[in-house]
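Residue strings, one per chain:
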Amino acid sequence: MTLHIDADVKFDSKVLTDVAEALEPHATEMFKQRRGRWMAVVELSHVERTEPGPDEDKAPAVKVRVTSIEVAADEITGGRLRGLQREMYDRRTSGGTLFEGSEARSA
């Protein structure tokens, strides 16, 4: 039996040096494109966990920090990442569908 906790997710605003260095080559383009979007591979790490007391009317929360990031530098890489993102989304949302059986075989 899997324990389900309805926790809020919060992002830590601290930017690690490695993350800043990986974003720096894209900073000018990000500044120019106010509504721009960029595909990236991101690693998150657990920073903090908050468990409200029994009398508090708050949800538990976990805070995560971006510890590693690589931004797609061209449309080809961005397209490959979008395809991977779609595949991951399909797997995550396929419960009770035809994908569910094939997921177990391909894992």
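Residues numbered from 1 in each chain as written. Predicted model: local features only at pLDDT ≥ 70, side-chain atom pairs only at ≥ 80, totals over all residues. Heavy atoms only, no water.

Q: Please clarify how the overall build of the protein chain should be interpreted in this entry.
A: For the protein chain, the count of helices and strands is four helices and three strands. Order of helices (α) and strands (β) in the protein chain, N terminus to C terminus: β-α-α-β-β-α-α. Within the protein chain, the proportion of its 107 residues that are buried is 13%. (Helix = DSSP H or I, 4+ residues; strand = E, 2+ residues; numbered from the N terminus. Buried < 20%, exposed > 50% of the residue type's maximum accessible area, 1.4 Å probe, protein only.)

Q: Which parts of the structure should I look at to understand the side chain of histidine 26?
A: Counting through the fold element by element, histidine 26 comes out in the loop between α1 (17-23) and α2 (27-32). Given the relative accessible area of 16%, histidine 26 is considered buried. Sequence-distant contacts of histidine 26, that is, excluding residues within four places in its chain, are made with Val71, Ala72 and Ala73. (Contact = heavy atoms within 4.5 Å.)

Q: What's the story with the sheet that holds strand β1 (residues 8-11) in this structure? I'm lost.
A: Taken in spatial order, the three strands line up as β1-β3-β2 in an open sheet, and their pairing is mixed. A single partner strand is all that each edge strand has here, and the edge strands are β1 and β2 (40-50). Along the sheet, successive strands turn relative to each other by an average axial angle of 35 degrees, direction set aside. (Pairing = 2+ DSSP bridges. Axes fitted to C-alpha atoms, helices over the stretch in contact; angles between N-to-C directions.)

Q: Hey, could you run me through the environment of serine 13 in this one?
A: Along the polypeptide, serine 13 turns up in the loop between β1 and α1. Residue class for serine 13 comes out exposed when judged on its relative accessible area of 69%. Through-space distance from the C-alpha of serine 13 to that of valine 64 is 9.2 Å; in sequence the pair is 51 residues apart.

Q: What exactly am I supposed to notice about the environment of threonine 93 here?
A: With respect to the helices and strands, threonine 93 occurs in helix α3 (residues 75-93). For threonine 93, the side chain forms a polar contact with the main-chain oxygen of tyrosine 89, separated by 2.9 Å. (Polar contact = N/O pair within 3.5 Å; in protein donor to acceptor, adjacent residues only side chain to side chain.)

Q: Would you mind showing me how to read the pairing of strand β3 (residues 61-71) here?
A: Along any regular strand, the residues point their side chains to alternate faces of the sheet. Bridging between β1 and β3 involves four bridges; their strand directions are parallel. What sits directly across from phenylalanine 11, in β3, is valine 64. Relative to β3, β2 runs antiparallel, the two being bridged by ten bridges. Each bridged residue has a counterpart across the sheet, and for arginine 49 the counterpart in β3 is valine 62.

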